[in-house]
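# Examining the three-dimensional arrangement
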Amino acid sequence: MFFQKDIETLPRKKIEEIQLERLKYIVDYCIKNVPFYAKRLGEAGVTAEKIKSLSDIQYIPYTNKSDIRDNYPYGLFAQPLKNIVRIHASSGTTGKPTVVGYTKNDINNWSDCVARLCMAVGVTDEDVAQISFGYGLFTGALGLHYGLEKIGCSVIPISSGNTEKQAMILKDFGASVLVSTPSYAMYMSEVAHEMGITNDELNLRIGLFGSEGCTNELRDKIEKGFGLFSTDNYGMSELMGPGVSGECQYRCGLHFAEDHFLPEIIDSTTGERKGEGEFGELVITTLTKEGIPMLRYRTKDITKLTYDACKCGRTHARMDKVSGRSDDMLKIRGVNVFPSQIESVMANIEGISPHYELVLTRKNYTDYLEVRIELTDAELLVDYGKLDALRQLAVNKLKTVLGISAKVVLVAPKSIKRYEGKAKRIVDLRNQSEN
Amino acid sequence: MAIKQLSIFVENKKGSLVEIYETLSHAQVDIRAMSIADTQDFGILRLIVSDAEKAAEALKQAHCIVSVTDVIGVAINDQAGSLAKVVRLLTDNDVNIEYMYAFITVSKQYAYVVFRVADNDAATALLETNGVKLVTEDDIRNL
């Protein structure tokens with residue numbers, strides 16, 4: 001199903017024409033309205049007139065998260081607050097939050113983008129959507145909220161937390177669509193089942209998961225546990241929020257809204273541009289945003305692009321599920337490790353829960369990785385051999401996938417923390433003083 | 001004529017055992033026999049209790065991993081050599097003992113022992129034919 005079929009299935013050539021026209025426009029708009037860009041682009045000698053083709057985008061300097069922070073709070077806004085109707089901010093895990101503003105047009109375009117990805121998995125105006133993202137400065141909840149409302153769904157803005165009540169409402173209100181982080185969906189299904197609610201009593205059919213990475217293996221487990229079909233969507237507040245890209249029912253990559261966002265892939269170390277199909281850091285230029293336009297914003301997310309039309313008929317570029325943020329990558333004994341690699345290993349092992357925790361320590365200048373997993377299969381208690389075999393299996397699989405040895409610790413069920421939003425599965429103790 | 005044994009996963013950290021014993025205490029379950037062995041990170045606690053079903057239910061509610069398995073309980077005369085005789089009998093008949101432990105409960109006449117073997121039925125038949133007194137679920141409830 002499509003929300004804006006004409007736009008979503010434009011021929012490639014037509015998309016590029018629109019993008020070129022809008023790129024010229026947004027460069028000019030930035031120079032005229034944002035002193036920061038006027039200075040940056042002036043130094044680089046870039047003007048709208050100099051952009052003759054899409055590849056000329058390479059002359060535009062990159063914008064980083066630190067640029068937004070350095071201009072805290074409103075320095076990068078291209079419109080006076082009079083024209084800004086909404087302000088969001090990203091969690092300031094490192095220092096001040098990054099603040100973004102939306103005009104009426106921005107909110108309208110944003111909800112279009114979200115409506116597209118919701119309808120791409122089959123959400124209709126008949127659906128009842130429970131939004132279990134935390135409402136607030138975070139863009140996830142309101143982003144999905146406006147998109148789903150635009151389609152005509154009955155939206156339940158329950159926000160996150162109070163999981164037993166979430167499960168009760170899921171059942172009593174007959175919610176058919178669940179919006180949450182994958183970790184929270186997993187936790188919610190666990191709680192619902194503990195309360196004696198079976199999947200048959202639920203009306204759930206679609207999960208719109210986002211705001212954190214999730215491997216296919218873990219997704220399959222969540223779907224089986226909750227009896228639903230889920231898609232992944234992608235976005236960040238700096239660019240707009242969720243809706244930058246999203247999966248369709250075939251789940252073969254996330255479709256960009258390319259009429260609003262121009263994606264590129266670069267080598268995150270050298271800054272060189274990479275071609276179609278090559279992995280690298282995703283860089284996005286917003287083509288229509290008025291409140292806080294972004295020119296070549298470095299997302300730190302690692303993925304690759306394809307421009308082939310999808311089976312679903314959509315023609316806009318697709319990106320792979322984000323395999324990891326360049327920020328999330330762990331260097332353990334000199335080896336690059338993405339937590340998602342560990343997650344896919346663990347999700348394939350029987351007898352343990354999908355919850356896990358990674359603990360990194362350093363002793364005598366050597367890094368140690370400990371993976372904590374919850375035992376769920378009581379049958380293994382028959383003898384030590386079986387428990388030990390489970391642990392050894394996990395150790396061997398990790399060694400194969402990561403190339404380094406990890407210690408695997410079996411812990412009691414429910415002893416690993418559950419999350420109502422983004423899960424924090426990594427405890428890095430390496431920079432603490434050694435005792 | 002097997003009896004029910006609980007096997008409980010115990011994480012090697014402060015408070016794990018207390019939680020288990022307090023859960024059993026609240027459920028008003030008496031412990032008859034007990035064995036625990038540990039590796040560096042975890043242990044398996046094995047218990048014979050007055051009411052295995054009730055205990056398992058209470059422990060599951062408390063988020064413990066519990067399995068209930070059949071084991072053989074034997075009552076032997078509380079005098080030197082009795083245990084050796086039973087173990088000799090099992091050995092001579094190729095019944096392999098995976099693990100065993102003794103009851104905490106004291107009686108004037110008998111000592112009680114738990115055996116875990118691969119084939120409960122065969123071992124039970126063997127012991128019965130040779131006049132060894134076996135412990136039943138009823139015995140355990142009333143001990």
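None of these values were measured; they are calculated from a predicted model.

Right, let's talk about the overall build of chain A for a bit. When helices and strands are tallied, chain A shows eleven helices and 22 strands. With respect to the three principal axes, the spread of C-alpha positions in chain A is 75 × 55 × 40 Å. A total of 435 residues make up chain A; the buried ones form 45% of that total. Intrachain contacts of chain A at a sequence separation of at least 6 include 67% that bridge at least 24 residues.

Residues and elements named next belong to chain A. Sheet architecture is open: four strands sit in the order β21-β20-β19-β22, paired in mixed fashion. Only two strands of the sheet have a single partner each, and these edge strands are β21 (407–411) and β22 (426–428). Across the sheet, the axes of successive neighbouring strands diverge by a mean angle of 20°, strand direction being ignored.

Attention now goes to the nonpolar core. Counting 90 residues, the largest nonpolar core has Cys118(A), Val123(A), Ala129(A), Ile131(A), Val177(A) and Ile284(A) as its most contacted members. Among the elements that line this core, the one with the most residues is helix α5 (residues 104–120) of chain A, at eight residues. Ignoring anything within four residues of it in the chain, the contact list for Ile284(A) reads Leu239(A), Val244(A), Phe261(A), Leu262(A), Pro263(A), Met294(A), Tyr297(A) and Thr299(A). Judged by nonpolar contacts, the second largest core, of 61 residues, contains Val371(A), Leu380(A), Ile44(B) and Val135(B).

A few words on the confidence of the model for chain B. Looking at chain B, the pLDDT average stands at 90 and 100% of residues meet or exceed 70. Overall fold confidence for the complex sits at a pTM of 0.80, while the interface term, ipTM, reaches 0.76.

Okay, the interface of chain A and chain B next. The interface is formed by 15 residues belonging to chain A together with 14 residues belonging to chain B. In terms of residue count, the dominant contributor to the side of chain A that touches chain B is β21(A) (three residues). Partitioning the side of chain A that touches chain B into residue classes produces ten nonpolar, two polar and three charged.

All right, on to the domain arrangement of chain B then. Residue and element names in this part refer to chain B. The domains assigned to chain B are domain 1 (3–69) and domain 2 (71–142). Distance between the C-alpha centres of domain 1 and domain 2: 22 Å. Each partner contributes to the interface: domain 1 provides twelve residues, whereas domain 2 provides 13 residues. Listing elements by their share of the side of domain 1 that touches domain 2, those giving two or more residues are β1 (3–11) and β2 (31–38). Counting residues per element, the side of domain 1 that touches domain 2 draws most heavily on β2, at five residues. Residue composition of the side of domain 1 that touches domain 2, grouped by class: five nonpolar, four polar and three charged.

Attention now goes to unusual backbone geometry. Trans is the common state for peptide bonds, and a negative phi is the common state for residues other than glycine. In this model, Tyr72(A) is joined to Pro73(A) through a cis peptide bond whose omega is -10°. By the element assignment, Pro73(A) lies in the loop between α4 (65–70) and β1 (86–89). Despite not being glycine, Ser211(A) has its phi angle at roughly 75°, a positive value. Secondary-structure assignment places Ser211(A) in the loop between β6 (206–209) and α9 (216–226). One non-glycine residue, His63(B), lies in the positive phi region at around 65°. Within the secondary structure, His63(B) sits in the loop between α2 (52–61) and β4 (66–77). Here His63(B) falls in the partly exposed class, since 14 other C-beta atoms lie within 10 Å of it.

Turning our attention to the pairing of strand β3 (residues 42–49) of chain B. Residues and elements named next belong to chain B. Counting buried residues in β3 gives seven out of eight residues, a clear majority hidden from the surface. Direction of pairing for β1 relative to β3: antiparallel, over a ladder of six bridges. Within the sheet, the bridge partner assigned to Ile-8 lies in β3 and is Leu-45. In this sheet, β3 lies alongside β2 in antiparallel orientation, the contact comprising seven bridges. Bridge pairing links Met-34 to Leu-47 in β3.

Analysis parameters
Each chain has its residues counted from 1, following the order in which its sequence is written. Lettering for chains starts from A, numbering for ligands starts from 1, and both go in the order in which the items are written. In keeping with the model being predicted, local features are shown solely for residues with a pLDDT of at least 70 and side-chain atom pairs are shown and tallied solely at 80 or more, while totals for entire chains, interfaces and linings include all residues. For helices the rule is a DSSP run of H or I covering at least 4 residues; for strands it is a run of E covering at least 2, with both sets numbered from the N terminus onward. Comment: burial labels come from other C-beta atoms within 10 Å of the residue's own C-beta, placed from the backbone, where a count of 20 or more is buried, 12 or fewer is exposed, and between is partly exposed. With C-beta atoms placed from the backbone, a contact is any residue pair whose C-beta atoms sit within 7 Å. Should DSSP find at least two bridges between two strands, the strands are regarded as paired. An axis is simply a line fitted to the C-alpha atoms; with a helix, the fit covers only the stretch in contact. Between two such axes, the angle follows the N-to-C directions and lies from 0 to 180 degrees. By our criterion, buried Ala, Val, Leu, Ile, Met, Phe, Trp, Tyr and Cys residues that link up through C-beta atoms within 7 Å make up a nonpolar core. For every residue, the pLDDT score states the predictor's confidence, bounded by 0 at the bottom and 100 at the top. In this classification, the charged set is Asp, Glu, Lys and Arg, the nonpolar set is Ala, Val, Leu, Ile, Met, Phe, Trp, Tyr, Cys and Pro, and all remaining amino acids, among them Gly, are polar. Segment limits for the domains were obtained from an automatic or database-derived domain assignment.

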